[in-house]
Amino acid sequence: MSDLRFVFRVLTRAPGFTITVLLALAVGIGATTAIFSLVNGVLLRPLPYAASDRLVMVWQDYTARGGPIDEWGSPGNVRDWRNQHEVFSSVSAISGWNPAWSSDGPPEALRGEQVTHEYFTTLGLEPALGRWFEPREDIPGAPRAVVISHAFWQARFGGDGGVIGQSLRLGDEPHEIVGVAPPAARGAVVEDAVLWRPIRLNLATPTYGSIFLRVLARLAPGVTFEAAQSRMPGIASALQAQSPELRQATIYLQRAQEWIVGDARLPLIVLMAAVLTLLALTIANIANLLLARASARERELSIRAAIGASRGRLVRLMILESLALSLAGGALGVVAASWILNGLMALAGDFLPRAADVHLDGRVLAFTAAIATVTGVLFGLAPAAQASRPDLQAPLRDGARTTSRRGHAARSVLVVAQIALALVMLVSAGLIVRSFAGMRQADLGYEGRGVATGTISLPAARYRGQPEIVAKLKQLEERLPSLPGATHVGFTSVLPVAPGGDSDMGFGIVGKPDLQEDGRSRVSWYRSVSASYFQTVGMRMARGRGIAPGAAEAVINESFGRRFFPGEDPLGRQLMIDDAPLNVVGIVADARTRGPRTAARNEMFLPYEAMPQRTYAIVARTEGDAASLIPSMRALVAALDPTLPLAGPATLESLQADVLAQPRLLAVLLAAFAGAALLLALLGVYAVIAFAAGERTTEMGVRLALGAAPRQVVGLVLRDGLKLAAVGLVLGTAASFAASAKIGALLYGVSPYDPMTLGVAAATIAVTAAFGSWIPARRAAKIAPTEALRS
């Protein structure tokens, strides 16, 4: 307690030093805590379900067919996988659902999921109110039932306990509310789902051709994930023998949390590594400050040792001082972390998976306490080691000025480490920023500027079959040209920036065998479109023309032509779609609809009359502000059918920006961290060189008195700083190569070992180090010889 009281008096007597250290720690620990909150909520926290580590996604593995490893499932797959009781205790199928809710006002578009009746029990949830679905509600023709989310219940029904049994009119059908989900329940496919209803699959005579389901399963008791995955090839072989449609298809399991996190894992790990690097730079800077402070206190420490203070007592005193600073800085860091985290969630909350699980919980606070403690020990070790071996004679000599070689060497090592870490930060940030710039400028094969969009879904209750759907779409096609301010209009079953809704299908080619040479069926992605779709979204026609209104024609992309018509001219050939021939009249340039990092895929564009869908995205191009078209689009849809809402109105350019939101955030944060690292490196070099120059005041005065030119003194001091920078750059270059290899998967259009990025970063560090050395060098050159000699 005596030492603690002394530490408090020492720190309060040096308020400038104390405030500087506390602010540096608040920023460093606060940023680290905020990023760890993201990592904890998204990657580390288990899903909010019972034994969530036993939840898996079940996919068709089409790699043997040349397809993806994670292909969706069909009703036939669901039936087959349900029967694997030795592996799964329950299996549930899920599909997205966008119902229109008709209440007192205009229709409102909601987000939901259609699920098999086992969905909530598979997750291991209990209802907050009412019950879950029963098997009798999950068969074709059964009365409609719905479960609502806890948030929807609170917001729309005021938490009324009498909501069970009430009716909701969704998609022109009445649905009985049978249950309220607990707050933890979220959509497995549509994360912001507020409604669930039975999907009502026909599993008595299911098919394998319609692939539109995501499948969630819970492992059977005693079955590990690895054991379950090892059984999949054998189960797939048995199923292939029963159903020839499954040939060359096996089964792939993926942990549910891994699937939900998706491609956010690597960016979050990179951010965590970056912020820890920044914290290490902060620690090194504070350690340098404490070393300089310890050197200035050598006289005090020597007196303490001379009158009987033990080495342990001196070390304890220095460690207590650093811990007091770090723990106080950690407390301020928690406050800073809450502000930083609020800003991050405002920027990233819409596209970050599991955003609802991100907050400052007990684990995060424990992490902060641990970081603060470790930080205090780390930056206190160097001055503590210096204090443990005080010189009992030199500092006691009256007027003596001494230089601790150990202290100077330790400060130099810390500066070298700072320069190396700063170079790693600059190179990594430079690669990510250049990659993001390349993605923004990438030619995607379509033009999103000036295009407004919104989605309509035709409810099955009123539009029961294809004739009714086609008739309504024809009305839409006829009325769209009257949209005020629009130069081109059209619609598509899937927007270019909505890869999650893509669909594929089998097809034939007139004049060719049903199967390809490798024995596989022909399968391609497709979009059902209006005739004017290509002009509206700016897709370039490589050859031929677009689809004529009402004609039995199709357009393919260049990848489709190369894949299915090698060495042939596809124009004029016929595709067989559901036993109906469509003439290939055009070939459009490939478009990268899954973002700039993904290659174009085989794709065919079919007239909506030949392949009608219930959900379409309207697209309208204008010469002015695309957002100004949205009110007119709402009015047009309301005139077409007053019960249809325009869901998700937006500009195509904003949707493209959303696709790049994650790399944009990563680039911004890494650039900010790199700027902070550069500043810390500058301060580190300046502090060491200034302190060293100050200790050499007498030497500099003698040199100047004997005739040395000021520029020679500047060069002498500057050379010391550049030596440190050179060593740091050599070490940092090696570390940069290792770090760049780890982020290679995040890069686009730039090599992890790009010499330009490394060269610019190294030059920036060198200039920074030179500037940090030049300031104390100039001061040293202005020393008056007589004043230096008197000191």
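A. The arrangement of the overall build of the chain in detail. The helix and strand tally for the chain stands at 22 helices and 24 strands. Expressed along its principal axes, the backbone C-alpha trace of the chain runs to roughly 105 × 60 × 55 Å. Excluding contacts between residues fewer than 6 apart, the proportion of contacts in the chain whose partners are at least 24 apart in sequence is 81%. Of the roughly 33,900 Å² of accessible surface on the chain, 59% is carried by carbon and sulfur atoms. Each charge sign in the chain was given a centre, from 74 positive and 62 negative side chains, and these centres are 13 Å apart.

B. Summary view of the packing of aromatic side chains. For the coordinates displayed, the defined rule picks out 18 aromatic pairs. Ring geometry for phenylalanine 534 versus phenylalanine 605: centroids 5.3 Å apart, planes at 75 degrees, classification edge-to-face. Taken as a pair, phenylalanine 534 in helix α14 (residues 533-537) and phenylalanine 605 in strand β22 (residues 603-607) lie far apart in primary sequence, 71 residues in all. Like phenylalanine 534, the residue phenylalanine 605 is buried in the burial classification. Ring pairing ties together the aromatic residues Tyr119, Phe120, Trp132, Phe133 and Trp196, which thus form one cluster. The positively charged end of arginine 214 is found above the aromatic ring belonging to tryptophan 72, 4.0 Å away from the centroid. Note that arginine 255 overlies the ring of phenylalanine 225, its terminal NZ or CZ placed 4.2 Å from the centroid.

C. Region of interest: the environment of arginine 527. Within the secondary structure, arginine 527 sits in strand β17 (residues 523-529). Sequence spacing of arginine 527 and leucine 606 is 79 residues, and the spatial spacing of their C-alpha atoms is 6.2 Å. Not counting residues up to four positions away in its chain, the partners in contact with arginine 527 are Thr492, Ser493, Val494, Leu495, Pro496, Asp502, Thr593, Glu603, Met604, Phe605 and Leu606. In this structure the side chain of arginine 527 is engaged in a polar contact, spanning 2.8 Å, whose partner is the backbone oxygen of valine 494.

D. Here's a closer look at the confidence of the model for the chain. Averaged over all residues, the pLDDT of the chain is 87; the fraction at 70 or higher stands at 92%. Of the regions scoring below 50 in pLDDT, residues 398-403 engages in 8 contacts with residues more than four places distant in sequence or in other chains.

E. Representation of helix α5 (residues 150-157) in the model. Regarding α5, the residues found buried are Phe152, Trp153 and Phe157. Angular distribution of buried residues about the axis of α5 spans 100 degrees; they occupy a single face of the element. Seen from the open side of α5, the exposed residues pointing more than 90 degrees away from its buried face are Ala151 and Ala155. Each element contacted by the buried residues of α5 is listed here: β3 (100-101), β6 (129-130), β7 (145-148), β8 (167-170), β9 (173-180) and β10 (195-198). Phi for glycine 158, located one or two positions after α5, is positive at around 60 degrees.

F. Fine view of the pattern of salt bridges. For the structure on display, the rule yields 26 salt bridges. The salt bridge involving arginine 354 is made with aspartate 357; its shortest N-O contact spans 2.9 Å. Across the pair, exposure class does not vary: arginine 354 and aspartate 357 are buried alike. Of the charged contacts, one joins aspartate 569 and arginine 543 as a salt bridge, the two residues approaching to 3.1 Å between their closest N and O atoms. A residue pair is termed long-range when its members are at least 10 positions apart, and aspartate 569 in the loop between α15 (558-564) and β20 (574-577) and arginine 543 in strand β18 (residues 541-544) qualify at 26 residues. Using a relative accessible area of 39% as the deciding quantity, one classes arginine 543 as partly exposed.

G. Highlighting unusual backbone geometry. Despite not being glycine, aspartate 578 has its phi angle at roughly 50 degrees, a positive value. Mapped onto the fold, aspartate 578 is located in the loop between β20 and β21 (580-588). A residue is classified by how much of its surface remains accessible, and aspartate 578, at 59% relative accessible area, is exposed. One non-glycine residue, aspartate 579, lies in the positive phi region at around 65 degrees.

H. Focus on the packing of helix α13 (residues 466-479) against helix α16 (residues 630-640). Across the interface, α13 lies against α16 with an axial gap of 11 Å and an inter-helix angle of 140 degrees. Considering their axes alone, α13 and α16 lie oblique with respect to each other. The handedness of the crossing between α13 and α16 is right-handed. Contacts from Lys472, Gln475, Leu476 and Arg479 in α13 reach Leu636, Ala639 and Leu640 in α16. For the contact of α13 with α16, the class distribution of residues is 4 nonpolar, 1 polar and 2 charged.

Calculation rules
One numbering rule holds for all chains: residues counted from 1, following each sequence as written. Local features are withheld for residues below a pLDDT of 70 in this predicted model, meaning they are given only at 70 or higher, and side-chain atom pairs are given and counted only at 80 or more; totals for whole chains, interfaces and linings count all residues. Side-chain calculation: all heavy atoms of the structure are included, whereas hydrogens and water are not. A run of H or I in DSSP counts as a helix once it spans at least four residues, and a run of E counts as a strand once it spans at least two, with each numbered from the N terminus. Residues are treated as being in contact if the distance between any of their heavy atoms lies within 4.5 Å. What sets the accessible areas is the Shrake-Rupley method with a 1.4 Å probe; for residues, cover comes only from the shown protein chains. The positive count covers Lys and Arg only, the negative count covers Asp and Glu only, and His and the chain ends enter neither. Note on charges: their place is set at NZ of Lys, CZ of Arg, CG of Asp or CD of Glu. Classification of ring pairs uses Phe, Tyr and Trp, with its six-membered ring standing for Trp, and accepts pairs whose centres are within 6.5 Å; under 30 degrees between planes counts as stacked, over 60 as edge-to-face, and the remaining range as tilted. Burial here depends on accessible area, computed with a 1.4 Å probe over protein chains only, as a share of the maximum for the residue type. Under 20% is buried, over 50% is exposed, and the range in between is partly exposed. Whether a charge sits over a ring comes down to the Lys NZ or Arg CZ being within 6 Å of the ring centre and within 35 degrees of the ring normal. Pairs of N or O atoms within 3.5 Å make up the polar contacts considered here, provided that, within protein, one atom can donate a hydrogen while the other can accept it, and that residues adjacent in sequence are counted only when both atoms are side-chain atoms. For every residue, the predictor states its confidence as a pLDDT score lying anywhere from 0 to 100. The arc in question is the one spanned by the directions pointing from the helix axis to the C-beta atoms. Criterion for a salt bridge: a side-chain nitrogen of Lys or Arg within 4 Å of a carboxyl oxygen of Asp or Glu. Geometry is summarised by axes, namely lines fitted to C-alpha atoms with helices restricted to the contacting stretch, and by angles between N-to-C directions that run from 0 to 180 degrees. We call two directions roughly parallel when the angle between them is under 35 degrees, roughly antiparallel when it is over 145, roughly perpendicular when it lies between 65 and 115, and oblique otherwise. Each crossing gets its handedness from the near helix: less than a right angle anticlockwise from the far helix is left-handed, clockwise is right-handed. Under the grouping applied here, Gly and all other residues not named as nonpolar or charged are polar, the nonpolar ones being Ala, Val, Leu, Ile, Met, Phe, Trp, Tyr, Cys and Pro and the charged ones Asp, Glu, Lys and Arg.

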